Amino acid sequence: YAAAQLRSEQAEAGVRVARAPFNPQVSVGVGGSWQPYYPNRTGATTIDGSAFVKLTLPIFHWGERRRAAGAARAVQMQSEWNAALLHDNIVREEMNGWTALVNSRAQVGASEESLRIAGENLDISTYSYGEGLATILDVLQAQLSWIQLYTNAIRAHYNYAVAVSDYQRITAH
């Protein structure tokens, strides 16, 4: 994301760079030469000097500046949109990670409660069988139900651990 923001800033500077050749320019200079006379009969030398001021006004480019600046602005807008899209993706990923964490924690709580109720049901079925009020089929059904809910509880704890690790990876903790 930081790299995308830097690319956006670079594109903003590119707009200024695209306009720069079409701005008025002033050049100032000084020059000189030290040379002997030609033909040199006396050995004397002369110094010739010059100074200049040059003003450049690019007025006959017929909209080139506007087109160049428009193209640079389009690149700038594209890089800003890419940075905004990347930011949105980061926020969405963090929100999805948090939602998965909350959902998996709720599943853990629900599976533990279901496992507790299945354990009570198994105890009641076993006691009833011992008293002759239930069949062995009722006890086996309660055992099967408890085993299935125990497996679900293990799976819910595993999913919660995965959600915690994913959220920590997303948030860089």
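Residues numbered from 1 in each chain as written. Predicted model: local features only at pLDDT ≥ 70, side-chain atom pairs only at ≥ 80, totals over all residues. Heavy atoms only, no water.

> What is the right way to read the pattern of salt bridges from this model?
Any two side chains of opposite charge can pair, given that their charged atoms come close. Inspection of the entire model under this criterion finds three salt bridges. For Glu93, the salt bridge goes to Arg169, with nearest N and O atoms at 3.6 Å. Within this pair, whereas Glu93 is found in helix H2 (residues 64-131), its partner Arg169 is found in helix H3 (residues 136-171), the two being separated by 76 residues in sequence. When its relative accessible area of 37% is taken as the criterion, Glu93 is described as partly exposed. A salt bridge links Glu113 to Arg116; its shortest N-O distance comes to 2.3 Å. Of this pair, Glu113 and Arg116 both sit in helix H2, three residues apart, which is roughly one turn of the helix. Within the structure, one salt-bridge network assembled from shared partners comprises Glu113, Arg116 and Glu120. (Salt bridge = Lys/Arg side-chain N within 4 Å of Asp/Glu carboxyl O. Helix = DSSP H or I, 4+ residues; strand = E, 2+ residues; numbered from the N terminus. Buried < 20%, exposed > 50% of the residue type's maximum accessible area, 1.4 Å probe, protein only.)

> Just to check I follow, could you spell out H3 for this structure?
Two residues of an α-helix separated by three or four positions point the same way, owing to the 3.6 residues in each turn. With 36 residues, H3 should reach 52 Å at 1.5 Å per residue; the first-to-last C-alpha distance of 52 Å fits that figure. Along H3, the residues that are buried comprise Val139, Ala142, Ala153, Ala156, Ala163 and Tyr167. Looking at the buried positions of H3, the neighbouring elements they touch are H2. Directly beyond the C-terminal end of H3, a positive phi value near 60° is found at Ala172. (Expected span 1.5 Å × (residues − 1). Contact = heavy atoms within 4.5 Å.)

> What is the right way to read the packing of H2 against H3 from this model?
Between two packed helices, what matters for the description is the angle formed by their axes and the separation of those axes. Viewed as axis vectors pointing N to C, H2 and H3 meet at an angle of 160°, and their least axial separation amounts to 7 Å. Here H2 is positioned roughly antiparallel relative to H3, judged by the angle of their axes. Our pair here, H2 against H3, has a crossing hand that is left-handed. Its residues assigned to classes, the contact of H2 with H3 shows 21 nonpolar, 14 polar and six charged. (Axes fitted to C-alpha atoms, helices over the stretch in contact; angles between N-to-C directions. Parallel < 35°, antiparallel > 145°, perpendicular 65-115°, else oblique. Left-handed = near helix turned anticlockwise from the far one by under 90°. Nonpolar A, V, L, I, M, F, W, Y, C, P; charged D, E, K, R; others polar.)

> Before we go on, may I ask you to explain the environment of Ala44 in this structure?
Within the fold, Ala44 resides in the loop between strand E1 (25-36) and strand E2 (45-56). Ala44 sits in the partly exposed class, given a relative accessible area of 29%. Put simply, Ala44 and Gln107 are 63 residues apart on the chain and 104 Å apart in space, counted from C-alpha to C-alpha. Setting aside residues up to four positions removed in sequence, Ala44 forms contacts with Pro36 and Tyr37.

> Explain the packing of aromatic side chains here, please?
The geometry of an aromatic ring pair is captured by the separation of the ring centres together with the interplanar angle, meaning the angle of the planes. Throughout the structure, instances matching the rule amount to two aromatic pairs. An angle of 55° between the planes, with centres 5.4 Å apart, marks the rings of Trp98 and Tyr167 as tilted. Note that Trp98 is positioned in helix H2 and Tyr167 in helix H3, a separation of 69 residues in sequence. Of the residues examined, Trp98 reaches a relative accessible area of 45% and is grouped as partly exposed. Residue class for Tyr167 comes out buried when judged on its relative accessible area of 17%. Ring centres of Trp146 and Tyr150 lie 5.1 Å apart, and the angle between their planes is 10°; on these two criteria the pair is classed as stacked. Remark: Tyr150 and Trp146 occur in helix H3; sequence separation between them is four residues, near one turn of the helix. (Phe/Tyr/Trp six-rings, centres within 6.5 Å; stacked < 30°, edge-to-face > 60°.)

Function-wise, these values are silent; they only describe arrangement.
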